[in-house]
Amino acid sequence: MPFWERIKEDFPIFHNLGENFTYLDSAATSQKPYSVINALSDFYSRHNSNVHRGIYRLSEEATDLYGRSRENVSRFIGSSDPRQIVFVRNTTEALNLLAYSLGHDLVEGDEILLTIMEHHSNIVPWQFLQEKGVRIKYADIREDGTLDMDDLASKISPRTKIVSVTHVSNVLGTINPVAEIGRIAHDNGSIFIVDGAQSVPHMPVDVGRIGCDFMAFSGHKMLGPTGIGCLYGRIDLLEKMRPFMGGGEMIREVYTDHSTWADVPEKFEAGTPDIAGAIGLSAAVDYLRNLGMENVRDHGRELMRITFSLESEAGIPGLISYGPRNPDIRGPVYAFNIGSIHPMSVEESLADRGVGLGTVVHPHDVASTLDGKGVAVRSGHHCAMPLTHRINAVATSRASYYIYNTPEDVRRLFHSLEHTVKVYSR
Ligand code: PMP
């Protein structure tokens, strides 16, 4: 029996919300299995105390559990040394840390190369550096939603100090060839950063094989609790970098006029960390490892295959979807529109040419009509406004799958979409 046929039993939310609840928003955040919820409860019930600070048994236990969680996460992404894992709040904080710390050494005229499919968390922190004259360039996408590698190669220059790309787009689902991009970046002497928010939860990820210098990801998208995320960084680079936040735990010595820093990773973990969160994330890693990340990836691919086949079978008038059609180069994310939602300028030019738009259902209306059928999808720009504009949309609806979704969930999506179009065609 494939694992997804019984997997919902491991997730109390499906039991509590009942048969008719279809959760298709895991790209925003995943549901949590009992083992993760129990790990949090167990920590607070039996081991709760602060790490590092106490010389008493309970604090040593907490410190030990926190350290073992770091080791577990490190192994999970193929890092050779647990000191290369810095616990942060989420992907956003990890990328802000990098922009702040690496950005300190950049000077006017230096360049940062991103892609047009980045999440705002891999755009806005770099934009802060524009104030000191740093330039940001964006590699474009091709019409099929894949990254235009020629454009990327043409935009890298001797001034490019940092190349930072998402591994998997949270809108198009595109899996980017990160190892190849890493080679281009390193041949150019640039630092190479990968946003792993949508890849680490869904496929085997090995930072050594990818050859990245840094990778950011969030625990809450991979069955873990909210409030815990990771920055992987090469130890030699982390050791050279300036700290991000100052305070307790990140120092060696503090004087009235200056301070010295603790070793990596503590240097980057100011204040009391999310101890329970790290332990919960470690339980999530155990759960995923037990399923096998190859199986997790295969299941996502299978759901995308079913999605494309139901999409053509259903023949919903005006339905357009975005991103590569090949499930082998795509994560389990399905963004779509009904009747296409263009910016006003495009709509006006279509109207001028006498092109009708058919039944247009705004993504927010799609999401709320689907919600009425018990199907939870997200609508909006998905924190990727430059990409949304690039694909000539003002917003999209997005269904995203994870290990607990079944082919039946995908069928429910398409039945509910058929219903939506009927409602809005009246
Ligand atoms: N990058 C990508 C590709 C994402 O999908 C997300 C979450 N939608 C983020 C970054 C930001 O993650 P977080 O909100 O957990 O910081």
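A quick note: this is a predicted structure, and the numbers were derived from the prediction, not measured.

Parameters at a glance
Residues numbered from 1 in each chain as written. Predicted model: local features only at pLDDT ≥ 70, side-chain atom pairs only at ≥ 80, totals over all residues. Heavy atoms only, no water. Helix = DSSP H or I, 4+ residues; strand = E, 2+ residues; numbered from the N terminus. Buried < 20%, exposed > 50% of the residue type's maximum accessible area, 1.4 Å probe, protein only. Arc of directions from axis to C-beta. Contact = heavy atoms within 4.5 Å. Near = heavy atom within 4 Å. Polar contact = N/O pair within 3.5 Å; in protein donor to acceptor, adjacent residues only side chain to side chain. Nonpolar A, V, L, I, M, F, W, Y, C, P; charged D, E, K, R; others polar. Core = buried A, V, L, I, M, F, W, Y, C linked by side-chain atoms within 4.5 Å. Pairing = 2+ DSSP bridges. Salt bridge = Lys/Arg side-chain N within 4 Å of Asp/Glu carboxyl O. Axes fitted to C-alpha atoms, helices over the stretch in contact; angles between N-to-C directions.

Its location among the elements puts Ala 179 in helix α7 (residues 178–187). Along the primary structure Ala 179 and Ala 94 are separated by 85 residues, whereas in three dimensions their C-alpha atoms are 20 Å apart.

A word on helix α13 (residues 363–372). An α-helical segment advances 3.6 residues per turn. Residues three or four places apart therefore align on the same side. Looking only at α13, the buried set comprises Pro 363, Val 366, Ala 367, Thr 369 and Leu 370. Buried residues of α13 fall within an arc of 165 degrees about the axis and therefore sit on the same side. Residues of α13 that are exposed and point over 90 degrees away from its buried face: Asp 371 and Gly 372. On its buried face, α13 is in contact with β12 (333–338), β13 (375–376), β14 (378–380), β15 (396–400) and α15 (407–425). Two residues or fewer past α13, Gly 374 is found with a positive phi of approximately 85 degrees.

What follows covers the site of the ligand. The environment of the ligand is made up of 14 residues, and the closest members are Thr 92, Asp 195, Gln 198, Ser 218 and Lys 221. The separation between an oxygen atom of the ligand and a polar side-chain atom of His 220 is 2.7 Å. A distance of 2.8 Å separates a nitrogen atom of the ligand from a polar atom in the side chain of Lys 221. Along the lines of polarity and charge, the residues of the shell around the ligand split into two nonpolar, ten polar and two charged.

The nonpolar side chains of a soluble globular protein tend to be buried, and buried together. Phe 192, Met 215 and Ile 403 are the most contacted members of the largest nonpolar core, which totals 73 residues. Examining the composition of this core, we find that eleven residues originate from one element, helix α10 (residues 275–291), more than from any other. Apart from the residues within four sequence positions on either side, Ile 403 is in contact with Phe 3, Trp 4, Ile 7, Phe 11, Leu 223, Tyr 287, Leu 288, Leu 291, Val 296 and His 299. In terms of nonpolar packing, the next biggest core, distinct from the first, is built from 27 residues, Ala 94, Ile 193, Ile 235 and Leu 238 among them.

Before going further, it helps to examine the pairing of strand β2 (residues 85–88). Two faces belong to every sheet, and in a regular strand the side chains alternate between them. With burial as the criterion, each face of β2 is covered, one bearing Ile 85 and Phe 87 and the other bearing Val 86 and Val 88. Examined bridge by bridge, β2 and strand β8 (residues 229–233) share four bridges and lie antiparallel to one another. Each bridged residue has a counterpart across the sheet, and for Phe 87 the counterpart in β8 is Cys 230.

One can find His 186 in helix α7. Taking the C-alpha atoms as reference, His 186 lies 42 Å from Leu 310; in sequence the two are 124 residues apart. For His 186, the residues in contact, after removing those within four places along its chain, are Phe 192, Gly 211 and Asp 213.

What follows deals with the pattern of salt bridges. Two side chains of opposite charge can pair, provided their charged atoms sit close to one another. All chains considered together, the criterion is met by 29 salt bridges. Arg 378 is the salt-bridge partner of Asp 25, the closest N and O atoms lying 2.9 Å from each other. Within this pair, whereas Asp 25 is found in the loop between β1 (22–23) and α2 (34–47), its partner Arg 378 is found in strand β14, the two being separated by 353 residues in sequence. Within this structure, Asp 298, Arg 301, Glu 302, Arg 305 and Asp 328 form a network of salt bridges that share partners.

Looking now at the sheet that holds β15. Read from one edge of the open sheet, four strands run β11-β12-β15-β14, paired in antiparallel fashion. Sheet topology places β11 (319–321) and β14 at the edges, where each strand pairs with a single neighbour. Sheet twist, expressed as the average angle between the axes of neighbouring strands with direction ignored, equals 30 degrees. As paired elements, β14 and β15 share three bridges and run antiparallel to each other. Paired with Arg 378 across the two strands is Arg 398, which belongs to β15. Sheet contacts for helix α11 (residues 293–314): β11 and β12; angle to β12, the most-contacted strand, approximately 20 degrees. Taken strand by strand, α15 contacts β11, β12 and β15, and its axis lies near 15 degrees from that of β12.

For the rest of this paragraph, the subject is the pairing of strand β3 (residues 111–115). Burial analysis of β3 places five of its five residues in the buried class, the great majority of the element. Going residue by residue along β3, you find Glu 111, Leu 113 and Thr 115 tucked away on one face and Ile 112 and Leu 114 tucked away on the opposite face as well. Where β3 meets strand β4 (residues 135–139), five bridges bridge the pair, whose relative direction is parallel. Directly across from Thr 115, in β4, lies its bridge partner Ala 139.

Here the focus is the sheet that holds strand β6 (residues 191–195). Within the open sheet, the seven strands sit side by side as β2-β8-β7-β6-β5-β3-β4. Their pairing is mixed. Strands at the two margins of the open sheet, each flanked by one partner only, are β2 and β4. Taking each pair of neighbouring strands and ignoring which way they run, the sheet shows an average axis angle of 20 degrees.

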